[in-house]
Amino acid sequence: QKEVEQNSGPLSVPEGAIASLNCTYSDRGSQSFFWYRQYSGKSPELIMSIYSNGDKEDGRFTAQLNKASQYVSLLIRDSQPSDSATYLCAVKDSSASKIIFGSGTRLSIRP
Amino acid sequence: DAGVIQSPRHEVTEMGQEVTLRCKPISGHNSLFWYRQTMMRGLELLIYFNNNVPIDDSGMPEDRFSAKMPNASFSTLKIQPSEPRDSAVYFCASSLTGIKMGEQYFGPGTRLTVT
């Protein structure tokens, strides 16, 4: 059973600080990785995709991938209260046409 | 584009009744996914269509669940008969294929309550 593991949180971060969300995965052959944000009562929304080792930046968001360690992270700089949500890590199964979602980390930004 | 459209947004039904959920994917997307989300089990893939053909239905919980995609712009998920344990939020998502299949666009979901 291929797995994607996340700390469920809640992770509490002061406004303006950097929030760091982490994810590990078991499928060593995975090549595609994604971060989704889900506000309470809403549907998941794609915020970042990353396909190669290293960092990928998009505005205040940076995704980091380390395939050797089977680890992917999301950094949110200058955290805002509007960033409070659950963040889902997702990994494409290397041997099947599907995405495996982690259970999500609940992030709370305190003013 | 209007995004992925789902109906109904809320459904309350009694145990034993048939439930049909509907989805219209984003135009041009050729992959469609049905998910179920609960607090206990998180987001689970039920079935995946590519070019209207079911590719992976291993997540469909049992024979009470069935899904169809008669054309590129419409899909249904049917539960017959429904049971209280089917209560969940059901999402439809669409994407392009290949390396982009993980870049999925989700509909607003259908909140199903079976009493």
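Remember, predicted model here, so these are calculated numbers, not experimental data. Residues take numbers from 1 onward in each chain, read along the sequence in its written order. Chain A is the first chain written and ligand 1 is the first ligand written, with later ones labelled in order. Totals for whole chains, interfaces and linings use all residues, but because this is a predicted model, local features are given only for residues with pLDDT of at least 70 and pairs of side-chain atoms are given and counted only at 80 or more. Excluded from the side-chain calculations are hydrogens and water; all other atoms, namely the structure's heavy atoms, are used.

As a further point, take the overall build of chain A. By the criteria applied, helices consist of DSSP H or I runs no shorter than four residues and strands consist of E runs no shorter than two, each listed in order from the N terminus. The helix and strand tally for chain A stands at zero helices and eleven strands. Order of helices (α) and strands (β) in chain A, N terminus to C terminus: β-β-β-β-β-β-β-β-β-β-β. Computed over C-alpha atoms, the radius of gyration of chain A comes to 13 Å, within 12% of the 13 Å expected from 2.2 N^0.38 for 111 residues, which places it in the range of a compact globule. Along the three orthogonal principal directions, the C-alpha set of chain A runs to about 45 × 30 × 20 Å. Per-residue burial for chain A yields a buried fraction of 45% across its 111 residues. Surface accessibility in these figures is a Shrake-Rupley result with a 1.4 Å probe; residues are shielded only by whichever protein chains are displayed. Put simply, chain A shows about 5200 Å² of open surface, and 45% of that area lies on carbon and sulfur atoms. Positive: Lys, Arg. Negative: Asp, Glu. His and the chain ends are not part of the count. Where a charge lies is defined by one atom per residue type: Lys uses NZ, Arg uses CZ, Asp uses CG and Glu uses CD. Charged side chains in chain A number 12 positive and 11 negative. The centres of these two groups are separated by 4 Å. Radius of gyration means the value over C-alpha atoms here, while the globule rule gives 2.2 Å times the residue count to the 0.38 power. Buried residues are those whose accessible area, probed at 1.4 Å on protein chains only, stays under 20% of the maximum for their type, while exposed residues exceed 50% and partly exposed ones sit between those limits.

Residue and element names in this part refer to chain A. Any two cysteine sulfur atoms lying within 2.5 Å of each other are counted as a disulfide. On inspection of all chains with the given rule, the structure shows two disulfides over all chains. Here Cys23 is linked by a disulfide to Cys89, with a sulfur-sulfur distance of 2.1 Å. Classification of the bridge connecting Cys23 and Cys89 rests on its S-S torsion, roughly -75 degrees, and on that basis the disulfide is left-handed. Residue Cys23 is found in strand 3 (residues 19-25), and its partner Cys89 is found in strand 9 (residues 85-92); the two are separated by 66 residues along the sequence.

Attention now moves to the interface of chain A and chain B. Listed per partner, the contact involves 16 residues of chain A and 17 residues of chain B. Put simply, buried area is how much 1.4 Å-probe accessible surface two parts lose in total, over both of them, once they are put together. Summed over both partners, the interface of chain A with chain B buries about 1400 Å², with 61% contributed by carbon and sulfur atoms. Each salt bridge in this description consists of a side-chain nitrogen of Lys or Arg and a carboxyl oxygen of Asp or Glu lying within 4 Å of one another. Viewed at the interface, chain B and chain A are joined by zero salt bridges. At the level of elements, strand 4 (33-38), strand 5 (45-50), strand 9 and strand 10 (99-101) of chain A are the ones that each hand at least two residues to the side of chain A that touches chain B. Per-element tally for the side of chain A that touches chain B: the top contributor is strand 4 of chain A, with three residues. Per-class residue counts for the side of chain A that touches chain B are eight nonpolar, five polar and three charged. In what follows, a contact means two residues having at least one pair of non-hydrogen atoms within 4.5 Å. Any residue outside Ala, Val, Leu, Ile, Met, Phe, Trp, Tyr, Cys, Pro, Asp, Glu, Lys and Arg is labelled polar, Gly included; the first ten of those are nonpolar and the last four are charged.

Attention now moves to the side chain of Arg64 of chain B. Residue and element names in this part refer to chain B. Locating Arg64 in the fold gives a position in the loop between strand 6 (53-56) and strand 7 (65-71). With a relative accessible area of 9%, Arg64 lands in the buried category. Not counting chain neighbours up to four residues away, the residues in contact with Arg64 comprise Lys78, Ile79, Gln80, Pro81, Ser82, Glu83, Arg85 and Asp86.

Let us now look at the environment of Leu21 of chain A. All names here are of chain A. Turning to its location among the elements, Leu21 is positioned in strand 3. Using a relative accessible area of 1% as the deciding quantity, one classes Leu21 as buried. Considered as a pair, Leu21 and Phe61 are 40 residues apart in the sequence and their alpha carbons are 11 Å apart.

Next up on the list: the sheet that holds strand 1 (residues 5-7) of chain B. All names here are of chain B. With respect to topology, four strands assemble into an open sheet ordered 1-3-8-7, the strand pairing being antiparallel. Looking along the sheet, the strands with just one partner apiece sit at the ends: strand 1 and strand 7. Across this sheet, the average inter-strand angle for adjacent strands is 15 degrees, counted without regard to direction. Pairing analysis gives five bridges linking strand 7 to strand 8 (residues 74-79), with the strands arranged antiparallel. Across the sheet, residue Lys68 finds its bridge partner in strand 8, namely Thr76. Pairing between two strands requires that DSSP report at least two bridges joining them. Whenever a helix is involved, its axis is fitted only over the stretch in contact; in every case the axis is a line through C-alpha atoms, and angles between N-to-C directions fall within 0 to 180 degrees.

This part covers the nonpolar core. The nonpolar core is taken to be a set of buried Ala, Val, Leu, Ile, Met, Phe, Trp, Tyr and Cys residues, with the residues joined through side-chain atoms within 4.5 Å. Counting 24 residues, the largest nonpolar core has Trp35, Val72, Leu74, Ile76 and Tyr87 of chain A as the members making the most contacts within it. Secondary-structure elements contributing two or more residues to this core are strand 3, strand 4, strand 5, strand 7 (61-66), strand 8 (71-76), strand 9 and strand 11 (105-110) of chain A. With residues near it in sequence (within four places) discarded, Tyr87 of chain A still touches Gln6, Leu21, Trp35, Tyr36, Arg37, Ile47, Leu74, Ile76, Gly104, Thr105 and Leu107 of chain A. Of all hydrophobic cores here, the second largest spans 21 residues; its members include Ile26, Leu32, Leu46 and Phe49 of chain B.

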